[in-house]
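Chain and residue survey
The primary structure of each chain is shown beneath.
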Amino acid sequence: DSHAFAIPHHVGYKRGWRGANFDYHRADTAPVVEIFSEHGCNETERAPFPMIRHSMGGRATDNMISRQLKQGLRFGFVASSDDHRGYPGAYGEGIVGVWAEGLTRKGLFEAIHSRRTFAASGDRIGLEVRLNGEPMGSELAPVSDRQIDVRVLAQDSLKMVELIRNGRVIDRHFPEDAVDSPVQLPGRAKCRIQYGWGPWAALDLGRTCDWDMTLRIDGGKFLRALPCFQAAPFDEERRDRLQVVSEREIRLQSATTRVQCYGEDPSKSLVLELEGNTNATLSLEMRAPEQRTVQVQLQDLVEDNLIEFTGIFTSESYIIGPLISPVEYTANFRWTDNRDGGAGTDWYYVRATQHNGHMAWSSPIWVG
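Residues numbered from 1 in each chain as written. Predicted model: local features only at pLDDT ≥ 70, side-chain atom pairs only at ≥ 80, totals over all residues. Heavy atoms only, no water.

1. Comments concerning the overall build of the protein
Tallying secondary structure elements over the protein gives three helices and 23 strands in all. Against the 2.2 N^0.38 benchmark of 21 Å for 368 residues, the protein shows a C-alpha radius of gyration of 22 Å, consistent with a compact globule. The C-alpha extent of the protein, read off along each of the three principal axes, is 65 × 45 × 35 Å. Residues classed as buried in the protein amount to 50% of the 368 residues present. In the protein, of all internal contacts separated by at least 6 residues, the share reaching a separation of at least 24 is 67%. In the protein, 42 positive and 50 negative side-chain charges are present, and the distance between their average locations comes to 5 Å. (Helix = DSSP H or I, 4+ residues; strand = E, 2+ residues; numbered from the N terminus. Rg over C-alpha atoms; globule rule 2.2 N^0.38 Å. Buried < 20%, exposed > 50% of the residue type's maximum accessible area, 1.4 Å probe, protein only. Contact = heavy atoms within 4.5 Å. Lys, Arg positive; Asp, Glu negative; His and termini not counted. Charge placed at Lys NZ, Arg CZ, Asp CG, Glu CD.)

2. Here we look at empty space enclosed by the protein
A water-sized probe rolled over the atoms picks out the places where empty space is left. In total, this model carries two cavities of 30 Å³ or more according to the counting rule given. In this structure, the largest cavity occupies an estimated 50 Å³ of space. Surrounding the largest cavity, Gly89, Ala90, Tyr91, Gly92, Gly94, Ile95, Ser121, Gly122, Arg124, Pro227, Cys228 and Phe229 form its lining. Considering only residue class, the lining of the largest cavity consists of six nonpolar, five polar and one charged. Size it by volume and the second largest cavity reaches roughly 40 Å³. Surrounding the second largest cavity, Gln230, Ala232, Thr256, Thr257, Cys261, Asp265, Pro266, Ser267 and Lys268 form its lining. For the lining of the second largest cavity, the secondary structure elements donating two or more residues are strand 15 (249–257) and strand 16 (267–288). (1 Å grid on protein atoms, 1.4 Å probe; cavity = no way out; pocket = protein on both sides within 12 Å on 5 of 7 lines; lining within 4 Å. Points joined across faces, edges and corners; volume = space filled by probe spheres on them. Nonpolar A, V, L, I, M, F, W, Y, C, P; charged D, E, K, R; others polar.)

3. Focus on the pattern of salt bridges
Pairing between side chains of opposite charge can happen when their charged atoms approach one another. Evaluated as defined, the whole model comprises 27 salt bridges. Linking glutamate 43 and arginine 351 is a salt bridge whose minimum nitrogen-to-oxygen distance equals 2.7 Å. Within this pair, whereas glutamate 43 is found in the loop between strand 2 (40–41) and helix 1 (65–70), its partner arginine 351 is found in strand 21 (residues 346–354), the two being separated by 308 residues in sequence. For the pair formed by glutamate 43 and arginine 351, the shared burial category is buried. Notably, a salt bridge pairs aspartate 149 with arginine 334, separated by 2.7 Å at the nearest N-O pair. Residue aspartate 149 is found in strand 9 (residues 145–153), and its partner arginine 334 is found in strand 20 (residues 330–338); the two are separated by 185 residues along the sequence. (Salt bridge = Lys/Arg side-chain N within 4 Å of Asp/Glu carboxyl O.)

Structure (structure tokens):
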């Protein structure tokens, strides 16, 4: 494993790759490297998500992504859980996005080899960056006028989008500056259902809690449901199950615990993208850990959330909302940069940060 080091990892391969033909001594043969994993972030030694798990130790400056790019290496970015639980896509441990021509093995590997990838820390933040029309991972001939087009589809409200050139931030975009009003109904929004917590493991009170619930919407419809499921608890009898029954009904079975939970986060969540009118109602019918039904009008979630406990202190709890408007979780804009075409090589990438702390990084684009 390379972990914190800017050398090939997992999907690193050479042209004509036929198997586990990794070359851990030549970073220039790797199309992508891991900028984030369950160990932490190795963008720079000052980046969020420090490496504090297992026996990795701290972050060495000369092993960071930024230093390797400054030394002239060219690679794209990926993120992956890098744990050994056999839980692909474990929430909060890193996930990779790929811009491919199609969802085939050949298409995916071609996209990875071409560095059309982006990395995210946990929430499935969609990120697309083009420079003069060319996608992330591209190498352009010297040119003075540079147009950087950015498109972000977040799962929470966006706090900031940054443009990095040669390791330094040269521009920032704050989407919330353009938000004039909250969610408008009838209209579209996102709503996060978070559940878990429970008794403290440190006091030998920890337990695994099973959840069984159905979500329904009246006066609207569900457009999409994205799971945020951690890797623990993990056993053959407890698997997170999400079923979209219809555009008005979603079934969820899951389990949470404070015992050995990843990152000391004893909760899981579900991000709902929905559409509703002014009288739309969201209901949660729970069968476990207790039987109850809760209803809330979408209008009441525009500025507030709803938190409920499943029993007496220290029982588990859950939170519904608040709603997030499309102008808060999407961004589509253009930056311009003018440089002397003969000044040497420049590399650019974009970093997006949500208010809940989750981040995404585009693979670099080189000019010159």
